[in-house]
Amino acid sequence: MKAVLASHNKKKIEEIRRILSAFFPDVTLLSLEQVGVTGEIEETGETFEENALIKARAGAGAGRFSIADDSGLEVDALGGRPGVYSARYAGEPCDDAKNNALLLSELSGVPDTGRTGRYVSVIACICPDGQAFTVRGTCDGRILTAPRGTAGFGYDPLFFVPELQKTFAEATAEEKDSVSHRGRALRAFAKALQNYREE
């Protein structure tokens, strides 16, 4: 099975490849560049679902599956921000360090009990017949007052996961995959795709 992974984010692509390979050892994942899509995809949606579908459609065609992820951090004390703007929260170009600094600044003075939030991942798929579907995964946690750990990307150094008793940036890849928003979304996606292929 050939599929396009509609992303230019190398760390995200690596994570998705790692998780999906357990379900689909026969899958060949192509990058956007390999199918001739080199420019940035304009994410104009107001929800993770809308943006994931926009990206998936950019890689669709030629009898292949096109898969895309849109994900981000929702912080309760900020009314759900940064949400769909997580990657570019502090402006363009995307910069994890600046995003984390802005998040800490906006949460300054908020007590631990009020620093709750969740990571959200929506996986969209455009099938060869044009059928489209999305699945969602979430992981609840708490935003720390200072970063911990050096692994991961995005807001991982600030995102403390009670299930792991550590931040995503302190977790191994296997630990993160077991509870992460993207791991949960991809497991749901794998079931949906298996059902589609069996129809």
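Refer to the structure above for everything that follows.
Residues numbered from 1 in each chain as written. Predicted model: local features only at pLDDT ≥ 70, side-chain atom pairs only at ≥ 80, totals over all residues. Heavy atoms only, no water.

A. Quick peek at the sheet that holds strand β7 (residues 166–167). The mixed open sheet is built from 7 strands, whose spatial order is β2-β1-β3-β4-β5-β6-β7. The open sheet has two free edges, formed respectively by β2 (28–31) and β7, since each of these has just one partner strand. Relative to strand β6 (residues 159–161), strand β5 (residues 132–143) runs antiparallel, the two being bridged by 2 bridges. Residue R142 lies in a different strand from β6, and its bridge partner there is F160. Where helix α5 (residues 181–198) meets the sheet, its contacts fall on β3 (65–75), β4 (116–126) and β5, and the angle it forms with β5 comes to roughly 160 degrees. (Pairing = 2+ DSSP bridges. Helix = DSSP H or I, 4+ residues; strand = E, 2+ residues; numbered from the N terminus. Contact = heavy atoms within 4.5 Å. Axes fitted to C-alpha atoms, helices over the stretch in contact; angles between N-to-C directions.)

B. View of the environment of N100. When you line up the elements, N100 lands in helix α3 (residues 96–106). Here the alpha-carbon distance between N100 and K176, two residues 76 residues apart in the chain, equals 19 Å. If we ignore the near neighbours within four places in the chain, the residues touching N100 are G154, Y155 and L158.

C. Region of interest: helix α1 (residues 10–21). With 12 residues, α1 extends 16 Å between its outermost C-alpha atoms, agreeing within 8% with the 16 Å of an ideal straight helix rising 1.5 Å per residue. Three or more residues of α1 are buried, namely K12, I13, E15, I16, I19 and L20. Each buried residue of α1 sits inside an arc of 165 degrees when the element is viewed along its axis, so together they form one side. Residues of α1 that are exposed and point more than 90 degrees away from the buried face comprise K10 and E14. Buried residues belonging to α1 abut β1 (2–5), β2, α2 (48–58), β3, α4 (173–179) and α5. (Expected span 1.5 Å × (residues − 1). Buried < 20%, exposed > 50% of the residue type's maximum accessible area, 1.4 Å probe, protein only. Arc of directions from axis to C-beta.)

D. Local environment of the side chain of R182. Here R182 shows up in helix α5. On the basis of relative accessible area, R182 is assigned to the buried category, the value being 2%. Reaching out from R182, the side chain makes a polar contact with the side chain of D69 at a distance of 3.3 Å. A distance of 2.6 Å separates a polar atom in the side chain of R182 from a polar atom in the side chain of S71. (Polar contact = N/O pair within 3.5 Å; in protein donor to acceptor, adjacent residues only side chain to side chain.)

E. A look at the nonpolar core. Grouped together as the largest cluster of nonpolar side chains are 22 residues, with contacts concentrated most on L20, I67 and F189. Elements represented by at least two residues in this core include exactly β1, α1, β3, β4, β5 and α5. The element best represented in this core is α5, accounting for 6 residues. Once you skip the residues sitting within four places of it in the chain, L20 turns out to touch L29, I67, L186 and F189. In terms of nonpolar packing, the next biggest core, distinct from the first, is built from 17 residues, L73, Y119, Y155 and L158 among them. (Core = buried A, V, L, I, M, F, W, Y, C linked by side-chain atoms within 4.5 Å.)

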